[in-house]
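Survey of secondary and tertiary structure
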Amino acid sequence: MIADVVIVGTGVSGLFCALSLPCEMQIVMLTKSDVESSDSYLAQGGICVKRDEDDFDAFMEDTMKAGHYENRRESVSIMIEDSREVIADLVSYGVEFTKKDNNIKCLDWDNFCYTKEGAHSKARILYHQDITGEEITKKLIAEAKKRANITILEYTEMTDICTQQNVCKGVLAKKDGEEIEILAQDIVFATGGIGGNYTHSTNFPHLTGDALEIAKKYGIVLEHMDYVQIHPTSLYSKKEGRRFLISESVRGEGAILLDKEGNRFVNELLPRDVVTEAIHKQMEKDGTEHVWLSLEQIPSQTIIEHFPNIYKRCLEEGYDVLKEPIPVVPAQHYFMGGIKVDSDSKTSMEHLYAVGETSCNGVHGKNRLASNSLLESIVFAKRAAKHIETCRTKER
């Protein structure tokens, strides 16, 4: 099989990259599972955007502070400055963010509703109920399926890449037990995170860092492989399998963390790593396997309208968040390290790009700021696409 571009992964970064490439390019996308089983689909809280020109410095400081100032400032600046452009792209693909007035159909920044999460100095997060990732991913999948130049191969697992003198020439994959070779001028890794390697994770179990293993094999430069984020609040369960995330935006709207005696023990809006550490210390002190999250201070109508999925899932697990606190425990959530890339998402191997969680462009530093993941993914996915397009134009 021959294509212009092969994209490995069908999460937000892979899809947005494909949609940002010219329609005359033949694109093949691979996914290890079905097209919807990506962590992008699971994202609850929302996606950040620069509210206005005055927000740049605050957005930068919030991101840098959360990342312990180990972020690449240039990458953070690019993400913030490009945020409005890519949000406008998402709206053009039919993504619906919560608005004050649904009768206004045009792009109106003042008509959007914004929420606030931990370590943000102001409300700058767009959202769609508590299923923002699902809303974005579904609309991008629908757009990709409309395009004749995009072929999506489900249940197709990348097993290796084809290389020649540090130039990536294609990928090897396995589908229905058969080995297939797909050659292309440019390859994009968008394989997601590493949560499948953990017993307790909010990630899909098939996300096991496949691109990272291939990168190691070929000496492709990696960065910050120990930078793994633990989310403070997943719904506690003794069942095996993926942990259900309780979005940070719940705490942003007023939910508080309680010890076994019902006492508050931490500022819930501190960065994720700080809150996680406080929870672990409290669990050790109390001799418990979880702490409690109370939504009592959030109006019932807000819970039902803003967090319907969380409300429903908790009911299924036997907890009514309108009447009682829920048990929560930290779980592996996100990988800040990965394949080192530049500001155009280029890796150290020619014609190989990496975007999304499998890449490390330095935006997040040592700890990711809430709701920056979707934004970072699409900003740098678009930059990868534009760099591929520019290089092709120069070669003509």
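Below you will find a few notes about this structure. Bear in mind that the values here come from a model prediction, so they are computed numbers and not experimental data. (Residues numbered from 1 in each chain as written. Predicted model: local features only at pLDDT ≥ 70, side-chain atom pairs only at ≥ 80, totals over all residues. Heavy atoms only, no water.)

1. Quick word on the pattern of salt bridges
- The full count for this structure, using the stated rule, is 25 salt bridges.
- A salt bridge links Arg124 to Asp62, with the nearest nitrogen and oxygen atoms 2.8 Å apart. You can see Arg124 sitting in the loop between α4 (73-92) and β4 (125-126) and its partner Asp62 sitting in helix α3 (residues 56-66), a full 62 residues away along the chain. Asp62 matches Arg124 in its accessibility class, with the two residues each being buried.
- With its nearest N and O atoms 2.7 Å apart, the salt bridge here joins Lys382 to Glu85. Of this pair, Lys382 sits in helix α11 (residues 373-395) while Glu85 sits in helix α4, placing them 297 residues apart in sequence. (Salt bridge = Lys/Arg side-chain N within 4 Å of Asp/Glu carboxyl O. Helix = DSSP H or I, 4+ residues; strand = E, 2+ residues; numbered from the N terminus. Buried < 20%, exposed > 50% of the residue type's maximum accessible area, 1.4 Å probe, protein only.)

2. Details of the nonpolar core
- Among the nonpolar cores identified, the biggest contains 54 residues, and Ile7, Ile47, Leu90, Phe97, Ile136 and Leu140 are the most heavily contacted of them.
- If you tally residues by element for this core, the top one is α11, at nine residues. (Core = buried A, V, L, I, M, F, W, Y, C linked by side-chain atoms within 4.5 Å.)

3. With respect to the sheet that holds strand β11 (residues 228-235)
- A sheet is described by the order of its strands in space; here four strands give the open sequence β11-β14-β13-β12, paired in antiparallel fashion. Of all the strands in the sheet, just β11 and β12 (256-258) have a single pairing partner and so form its edges. This sheet shows a mean twist of 45° between the axes of neighbouring strands, independent of strand direction.
- When β11 meets strand β14 (residues 326-335), the two strands line up antiparallel, connected through six bridges. What sits directly across from Ile230, in β14, is Gln332. (Pairing = 2+ DSSP bridges. Axes fitted to C-alpha atoms, helices over the stretch in contact; angles between N-to-C directions.)

4. Details of the packing of α3 against α4
- Orientation of α3 relative to α4, taken along the N-to-C sense of each, is 130°, at an axis distance of 10 Å. Put simply, α3 runs oblique to α4. Judged by the twist between their axes, the crossing of α3 over α4 is right-handed. Where α3 abuts α4, its residues Phe56, Phe59, Met60, Thr63 and Met64 lie against Arg73, Val76, Ser77, Met79, Ile80 and Glu81. (Parallel < 35°, antiparallel > 145°, perpendicular 65-115°, else oblique. Left-handed = near helix turned anticlockwise from the far one by under 90°. Contact = heavy atoms within 4.5 Å.)

5. Things to note about helix α6 (residues 210-217)
- For α6, every residue scored as buried is listed here: Asp210, Ala211, Leu212, Ile214 and Ala215.
- Buried residues along α6 sit in contact with β6 (156-163), β9 (186-189), β10 (222-223), β14 and β15 (338-340).
- Where α6 ends, the next residue or the one after it, Gly219, has phi of about 70°, a positive value.

6. Observations concerning the packing of helix α1 (residues 12-20) against helix α5 (residues 132-146)
- Between α1 and α5, the least distance of the axes is 10 Å, while the angle of their chain directions is 35°. Viewed along their axes, α1 and α5 form a crossing whose handedness is left-handed. In this structure, α1 uses Val12, Leu15, Phe16 and Leu19 to contact α5, whose residues at the interface are Ile136, Thr137, Leu140, Ile141, Glu143 and Ala144.
- Among the residues forming the contact of α1 with α5, the class breakdown is eight nonpolar, one polar and one charged. (Nonpolar A, V, L, I, M, F, W, Y, C, P; charged D, E, K, R; others polar.)

7. A short note on unusual backbone geometry
- You will see that Ser345, though not glycine, has its phi angle at about 70°, which is positive.
- Residue placement: Ser345 occurs in the loop between β15 and β16 (352-354).
- Relative accessible area serves as the criterion here: at 0%, Ser345 is assigned to the buried category.

8. Here we look at the environment of Glu36
- Inspection of the secondary structure assignment puts Glu36 in the loop between β2 (27-30) and α2 (39-42).
- Exposure remark for Glu36: the relative accessible area of 32% places this residue in the partly exposed category.
- Those residues in contact with Glu36 that sit more than four places away from it in its chain are Tyr41, Lys138, Ile141 and Phe204.

9. Description of empty space enclosed by the protein
- Tallied over the full model, the rule gives one cavity of 30 Å³ or more.
- Lining the largest cavity, in full, are Tyr334, Phe335, Met336, Ser359, Cys360, Asn361, Gly362, Val363, His364 and Glu376.
- Contributions of two or more residues to the lining of the largest cavity are made by β14 and β17 (359-360).
- Residue classes in the lining of the largest cavity are distributed as five nonpolar, four polar and one charged. (1 Å grid on protein atoms, 1.4 Å probe; cavity = no way out; pocket = protein on both sides within 12 Å on 5 of 7 lines; lining within 4 Å. Points joined across faces, edges and corners; volume = space filled by probe spheres on them.)

10. Brief notes about the sheet that holds β9
- Taken together, five strands build an open sheet; the order of strands is β5-β2-β1-β9-β16 and the sheet is parallel. Looking at the sheet topology across the chains shown, the edges are occupied by β5 (150-153) and β16. Between one strand axis and the next, the sheet turns by 20° as a mean value, whatever way the strands run.
- Direction of pairing for β2 relative to β5: parallel, over a ladder of four bridges. Considered in β5, the bridge of Ile27 is made with Ile150.

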